[in-house]
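# Examination of the molecular architecture
Letter by letter, the chains look like this.
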Amino acid sequence: MAEHHRSGRDQTAIDIGDDCKKSKICQKCIFRVPKVLRRQNPEAYTPDVVSLGPFHYRGKRGKEEGKEGKGEEDFQLMERVKESYLNEILSEMKNITLKELTAKVIELSDLKEEGEFEQRARDFYSETFAHISSEDFIEMMVVDGCFLIQLFRKCNYPKLRAFDDPTFNMDCMFHFLCHDILLLENQLPWFVIHSLYDLTLEIYPGHEASLSILILQAFSILPSLKHSCSTYNTYLGRNKCHCDTDVLHILDMVRASIVIPLKTIEERAHKEHQMHPLTAYQRQSSKVVRKGIFDPDHHQMHTATALSKADIKFEPVRRESIMDIRFKEGGFGRNGVLMIPQLNVGMSSETIFRNLIAIEQCYHGYSNVITSYAILMDNLISSKEDMELLCKEKVIGNWLSDEDGCKFFSNLYKDIPHSKFYYADLCKQVNDCYKLKWYIWLVSLKSEKFSNPWKVSAFVIAVIVLSLSIWSQTNNIRTFLRK
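### Observations concerning a nonpolar patch on the surface
Together, Val-460, Ile-464, Leu-468 and Trp-471 make up an exposed nonpolar region whose accessible area comes to about 430 Å². Taking relative accessible area as the criterion, Ile-464 reaches 46% and is therefore assigned partly exposed.

### Things to note about helix 16 (residues 369-380)
When the terminal C-alpha atoms of helix 16 are compared, their 17 Å separation across twelve residues agrees well with the 16 Å that a helix rising 1.5 Å per residue should span. Looking at helix 16, one finds that the buried residues are Val-369, Ile-370, Thr-371, Ser-372, Tyr-373, Ala-374, Ile-375, Leu-376, Met-377, Asp-378, Asn-379 and Leu-380.

### A word on helix 15 (residues 349-362)
For helix 15, spanning 14 residues, the distance from its first C-alpha to its last is 20 Å, which sits close to the expected 20 Å at 1.5 Å a residue. Within helix 15, eleven of the 14 residues are buried, which leaves the element mostly enclosed by the surrounding structure. Looking only at helix 15, the buried set comprises Ser-349, Thr-351, Ile-352, Phe-353, Arg-354, Asn-355, Leu-356, Ile-357, Ala-358, Ile-359 and Glu-360.

### Considerations on the environment of Phe-117
Relative to the elements of secondary structure, Phe-117 occurs in helix 5 (residues 117-122). Sequence spacing of Phe-117 and Glu-107 is ten residues, and the spatial spacing of their C-alpha atoms is 8.7 Å. Setting aside residues up to four positions removed in sequence, Phe-117 forms contacts with Val-105, Ile-106, Ser-109, Ile-138, Met-141, Phe-191 and Val-192.

### Details of empty space enclosed by the protein
Remark: the empty space left among the atoms is shown by a probe the size of a water molecule rolled over them. Per the counting criterion, the structure on display carries three cavities of 30 Å³ or more. Computed from the structure, the largest cavity encloses a volume of approximately 100 Å³. Around the largest cavity sit 13 residues that line it, and Ser-224, Leu-225, Ser-228, Ile-322 and Leu-343 are the ones nearest its centre. Among the secondary structure elements, those contributing two or more residues to the lining of the largest cavity are helix 11 (226-239), strand 4 (343-345) and helix 15. The element that contributes the greatest number of residues to the lining of the largest cavity is helix 11, accounting for three residues.

### What to know about unusual backbone geometry
Phi is positive for Lys-94, which is not a glycine, with a value near 60°. Note on placement: Lys-94 falls in the loop between helix 3 (76-92) and helix 4 (98-111). One non-glycine residue, Asp-311, lies in the positive phi region at around 65°. Its place among the elements puts Asp-311 in the loop between helix 14 (304-309) and strand 1 (313-317).

### Observations regarding the layout of surface pockets
Its volume calculated, the largest pocket comes out at about 540 Å³. Lining of the largest pocket is provided by 22 residues; of these, Tyr-57, Gly-59, Glu-79, Glu-139 and Val-143 occupy positions nearest its centre. At the level of secondary structure, the elements contributing two or more residues to the lining of the largest pocket comprise helix 3 and helix 6 (134-156). Split by residue class, the lining of the largest pocket holds seven nonpolar, five polar and ten charged.

### Overview of the packing of aromatic side chains
Aromatic rings in a pair are described by how distant their centres are and how their planes are angled relative to each other. Evaluated as defined, the whole model comprises 13 aromatic pairs. When the ring of Phe-55 is compared with that of Tyr-125, the centres are 6.0 Å apart and the planes differ by 65°; the resulting orientation is edge-to-face. Residue Phe-55 is found in the loop between helix 2 (35-38) and helix 3, and its partner Tyr-125 is found in the loop between helix 5 and helix 6; the two are separated by 70 residues along the sequence. For Phe-55, a relative accessible area of 1% corresponds to the buried category. Judged by its relative accessible area of 0%, Tyr-125 is buried.

### Observations concerning the sheet that holds strand 3 (residues 337-341)
Within the open sheet, the three strands sit side by side as 1-3-2. Their pairing is mixed. At either margin of the open sheet sits one strand with a lone partner, and together these are strand 1 and strand 2 (326-328). The sheet shows a mean angle of 30° between the axes of neighbouring strands, direction not considered. Both strand 1 and strand 3 contribute to a ladder of five bridges, which runs parallel. Bridging across to strand 3, Val-317 finds its partner in Pro-341. The strands touched by helix 19 (residues 424-434) within the sheet are strand 2 and strand 3, with strand 2 carrying the most contacts at an inclination of about 30°.

### Looking at the pattern of salt bridges
One pass over the structure, following the stated rule, counts twelve salt bridges. Salt-bridge contacts for Asp-144 lead to Lys-82; the nearest nitrogen and oxygen are separated by 2.7 Å. In this pair, Asp-144 is assigned in helix 6 and Lys-82 in helix 3, connecting sequence segments 62 residues apart. On the accessibility criterion, Asp-144 (4% relative accessible area) is buried. Take Lys-82: its relative accessible area is 3%, and that puts it in the buried class. A salt bridge links Asp-432 to Lys-428; its shortest N-O distance comes to 3.0 Å. Here Lys-428 and Asp-432 lie together in helix 19, a separation of four residues that amounts to about one turn. For Asp-432, a relative accessible area of 33% gives the class partly exposed. For Lys-428, a relative accessible area of 44% gives the class partly exposed.

### Side note on the packing of helix 9 (residues 190-200) against helix 10 (residues 211-219)
Where helix 9 contacts helix 10, the two axes come as close as 10 Å, and the packing angle between them is 100°. Judged by the angle between their axes, helix 9 and helix 10 are roughly perpendicular. Contacts between helix 9 and helix 10 involve Trp-190, Ile-193, His-194 and Tyr-197 from the first element and Leu-211, Ser-212, Leu-214 and Ile-215 from the second.

### Quick word on the packing of helix 4 against helix 9
Relative orientation and spacing of two packed helices are given, respectively, by the angle between their axes and the distance between those axes. Helix 9 packs onto helix 4 with a crossing angle of 110° between their chain directions and a minimal axis gap of 10 Å. As the angle between them shows, helix 4 and helix 9 are arranged roughly perpendicular. Between helix 4 and helix 9 lies a crossing whose hand is right-handed. Between helix 4 and helix 9, the residues in contact are Leu-101, Lys-104, Val-105, Leu-108 and Ser-109 and Phe-191, Ser-195, Leu-196, Asp-198 and Leu-199, respectively. A per-class count over the contact of helix 4 with helix 9 returns six nonpolar, two polar and two charged.

Rules and cut-offs
- Residues numbered from 1 in each chain as written.
- Predicted model: local features only at pLDDT ≥ 70, side-chain atom pairs only at ≥ 80, totals over all residues.
- Heavy atoms only, no water.
- Patch = residues over 30% accessible without salt bridge, like charges linked within 9 Å, V, L, I, M, F, W, Y side chains within 5 Å.
- Areas by Shrake-Rupley, 256 points an atom, 1.4 Å probe, with all protein chains shown as cover.
- Salt bridge = Lys/Arg side-chain N within 4 Å of Asp/Glu carboxyl O.
- Buried < 20%, exposed > 50% of the residue type's maximum accessible area, 1.4 Å probe, protein only.
- Helix = DSSP H or I, 4+ residues; strand = E, 2+ residues; numbered from the N terminus.
- Expected span 1.5 Å × (residues − 1).
- Contact = heavy atoms within 4.5 Å.
- 1 Å grid on protein atoms, 1.4 Å probe; cavity = no way out; pocket = protein on both sides within 12 Å on 5 of 7 lines; lining within 4 Å.
- Points joined across faces, edges and corners; volume = space filled by probe spheres on them.
- Nonpolar A, V, L, I, M, F, W, Y, C, P; charged D, E, K, R; others polar.
- Phe/Tyr/Trp six-rings, centres within 6.5 Å; stacked < 30°, edge-to-face > 60°.
- Pairing = 2+ DSSP bridges.
- Axes fitted to C-alpha atoms, helices over the stretch in contact; angles between N-to-C directions.
- Parallel < 35°, antiparallel > 145°, perpendicular 65-115°, else oblique.
- Left-handed = near helix turned anticlockwise from the far one by under 90°.

The values reported here are purely geometric and, on their own, carry no functional implication.
Structure (structure tokens):
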């Protein structure tokens, strides 16, 4: 990993340079989630209402024997919606057939000289799917791809919706679909979706936004992704870089919306250092993580309530990435402040994080940044009291109960090996400040003596009485000595 120098006493940055070359490292990037990860919560990795791609494909064969997952009947509603969305596209494209649309997609892929369509798509998956014929595989890619682009179009442009569309007429159906679309096992190669999107642009004039922006806008309605998707959308627009060619699949783009802004923060800090070199004092006081560290002793940090008892405050901050967590050291009268971007925890949060962690474990083109974030948050939250404290400080926006929110963090990375931890230096900073006993005594004094106005009044009166007593005794001694 490349080393970066950064200025600023309160910054703890993460080097995530591995991700920049992900598309060059390994082509296979869509996996069946290993059983060791799945056993903690199988439902977080299994589609509920729609099957996308080959892992949960049933086709004419029905349920695959010996495979985990759901039967064809579970997906019947969305299969009908898929057919409806496909027919909309075929009708708008001068009533062409599915076979003709497939030929256009293959032709577009060949024009880009990116390899034969079917083989290129199959190469994205970790399994061969020999039971799916060539014709069925290509048809599955096209039908599922058409479903996705129409779904996101209709989400952002309500005028395109049919009056009887169950996707938007049924409460929460779009949220259930988002759950399934973000599963690692339910991904389609990005180039398939992008090719179909390009082919259908001309039939939807005025809707020329890039595919990545279209999808980010749709996912912004989810509480857990609202901030990261909105921020990344702004980033793409500001830099006029839609990065569609670098995306592997939709889950990869969602991960990028969380990780890439953090990388740009590092780059800006590096440029700032080049313009304004650090002084010797700044170099000593600037705490920077230059690379992931593997050492269990560096993974630990005290819980939120324990840190609070040491006068370490929690401050919600608005940053480009939810993972941009920093610690600002305090002074004589106060301890440090842990500045954490607010994370909204809702129904879809566990699914999103589990699948993001799963792909970090399965795909070696990624660094374990989100896994590190899960470990850090689990350190902070180990009880209902910790969750209540962070919710009170507005660091966590919890849409669940405090107990469920606490379980969410504690089980996220259970049984997951992690070779590198990217918040080691942050943990060291916080732990060093926690060890200062002066602040623990100061907090204890505040809680015992100044917890309510009556105790404050009593303490002030006691100080006044003590002062008057000392003054009186001093005067008596002076009078006695003069005699």
